[in-house]
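What the coordinates show
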Amino acid sequence: MAHERYVPSGPLRIWTERIGDPERPAVLMIMGSAAQSVSCPDALVGRLVERGVQVIRFDHRDTGRSSTVDFDAHPYTIGDLARDCLAVLDGYDLDSAHVAGTSLGGILAQWLAVHAPRRVRSLTVISSSPMGHDPGPVWARAQAGEPADPDDLPPPTPAYLAHLAAGLPPGLESDVALFRVFNGPVRPFDEPAARAMLELALSRAADPAAAAHHHRAVWLDEPGLLAPLSSITAPTSIVHGDHDPLYPLAHGEALAAAIPGAALHVVPGMGHVMTSPGLPEEVADLIRL
């Protein structure tokens with residue numbers, strides 16, 4: 001049973017979808033930078049519903065069917081994206097939910113667990129990095145071919161940096177190529193399924209180019225990101241692949257070390273996305289409920 005609706009977040013309208021019995025506890029799925037709700041695999045949602053919860057997924061601002069923003073006139077931060085997540089919970093009259101976020105969504109989930117702890121029943125961070133970590137200098141050194149600072153978290157893999165350097169024009173083929181790199185070299189890449197998802201995302205985007213605003217938002221100052229992760233009290237699981245090309249495993253290990261009592265689940269062969277057969281269900285079974 002699925003139900004779609006828009007919820008307000010200030011002047012914006014956020015497109016949402018609820019799957020499952022509304023009387024069940026809720027899982028809020030928060031996807032990554034520039035990613036729509038449809039990047040949350042149906043197989044993952046279905047497995048969670050089988051586990052006895054309802055699932056709410058949504059389009060971030062500037063993606064999919066949600067409102068787009070004139071970023072130059074109205075710049076926003078990671079904190080604003082996190083407050084959109086709270087607006088989704090408010091729109092469904094949910095005092096709290098199990099919160100699971102992937103990549104940038106994992107950083108938003110951390111923000112919620114720190115700054116809105118009563119709204120977070122449990123926390124699952126997937127393929128992400130500690131929210132206070134500034135990747136800028138690390139990426140700059142890696143792209144310049146300079147040696148990494150041994151005290152910092154590792155940069156993306158050469159395969160990912162090579163994809164960036166290739167400068168492919170925006171569009172479906174570039175997106176498919178990116179997801180092939182994100183999938184990693186170990187588990188099989190389900191290209192037909194990934195292509196179908198990316199085609200759907202392009203077809204339902206009010207303004208496909210607007211999603212790039214997320215990359216600008218990441219670099220804006222957000223004091224809330226500097227709050228200590230040691231303040232998180234929600235039961236926490238960290239799910240991370242050992243072949244993540246964007247955030248190598250050390251990022252997940254650092255997260256688990258920073259959050260009291262966090263459990264680290266290392267998924268063999270997993271990259272940065274869930275585009276391999278069976279992987280969405282495997283990750284769904286690791287989401288903290």
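Residues numbered from 1 in each chain as written. Predicted model: local features only at pLDDT ≥ 70, side-chain atom pairs only at ≥ 80, totals over all residues. Heavy atoms only, no water.

The name given to the protein chain in an unreviewed UniProt entry is Alpha/beta fold hydrolase, with Nonomuraea composti as the source organism.

1. Re the packing of aromatic side chains
Inspection of the entire model under this criterion finds three aromatic pairs. Centroid distance Tyr160 to Phe182: 5.7 Å. Interplanar angle 10°. Geometry classified as stacked. One end of the pair, Tyr160, is in helix H5 (residues 158-166); the other, Phe182, is in helix H6 (residues 172-183), with 22 residues separating them in the sequence. The residues Tyr160 and Phe182 share a single accessibility class, namely buried. Judged by centre distance (6.1 Å) and plane angle (70°), the ring pair of Phe179 and Phe182 falls under edge-to-face. With Phe179 and Phe182 both in helix H6 and three residues apart, the pair spans about one turn of that helix. (Phe/Tyr/Trp six-rings, centres within 6.5 Å; stacked < 30°, edge-to-face > 60°. Helix = DSSP H or I, 4+ residues; strand = E, 2+ residues; numbered from the N terminus. Buried < 20%, exposed > 50% of the residue type's maximum accessible area, 1.4 Å probe, protein only.)

2. Regarding the sheet that holds strand E3 (residues 26-30)
Strand order across the open sheet formed by eight strands is E1-E2-E4-E3-E5-E6-E7-E8, with mixed pairing between neighbours. Unpaired on one side and paired on the other, strand E1 (2-9) and strand E8 (263-267) mark the two borders of the sheet. The mean angle between the axes of side-by-side strands here comes to 20°, regardless of whether they run parallel or antiparallel. Where E1 meets strand E2 (residues 12-19), eight bridges bridge the pair, whose relative direction is antiparallel. By the bridge assignment for E2, Ser9 is matched with Leu12. (Pairing = 2+ DSSP bridges. Axes fitted to C-alpha atoms, helices over the stretch in contact; angles between N-to-C directions.)

3. Description of the packing of H6 against helix H7 (residues 191-204)
Helix-helix packing is described using two parameters, namely the angle between the two axes and the distance between the axes. Across the interface, H6 lies against H7 with an axial gap of 10 Å and an inter-helix angle of 135°. If you check the angle between H6 and H7, you find them oblique. Taken as a pair, H6 and H7 cross one another with a handedness that is right-handed. Of the residues in H7, those touching H6 at Leu172, Glu173, Asp175, Val176, Phe179 and Arg180 are Glu191, Arg195, Met197, Leu198, Glu199 and Leu202. Along the lines of polarity and charge, the residues of the contact of H6 with H7 split into six nonpolar, no polar and six charged. (Parallel < 35°, antiparallel > 145°, perpendicular 65-115°, else oblique. Left-handed = near helix turned anticlockwise from the far one by under 90°. Contact = heavy atoms within 4.5 Å. Nonpolar A, V, L, I, M, F, W, Y, C, P; charged D, E, K, R; others polar.)

4. Here we look at the pattern of salt bridges
Two side chains carrying opposite charge are able to pair once their charged atoms lie near each other. Overall, the coordinates contain 14 salt bridges when judged by the stated rule. A salt bridge links Arg61 to Asp84, with the nearest nitrogen and oxygen atoms 2.7 Å apart. Of the two residues, Arg61 is situated in the loop between strand E4 (54-58) and helix H2 (78-91) and Asp84 in helix H2; the sequence distance between them amounts to 23 residues. In this pair, the class of Arg61 matches that of Asp84, namely buried. One salt bridge in this structure joins Asp90 and Arg119, with 2.8 Å as the shortest N-O distance. Here the residue Asp90 occupies a position in helix H2, and Arg119 occupies one in the loop between helix H3 (104-115) and strand E6 (120-126), the gap between them amounting to 29 residues. (Salt bridge = Lys/Arg side-chain N within 4 Å of Asp/Glu carboxyl O.)

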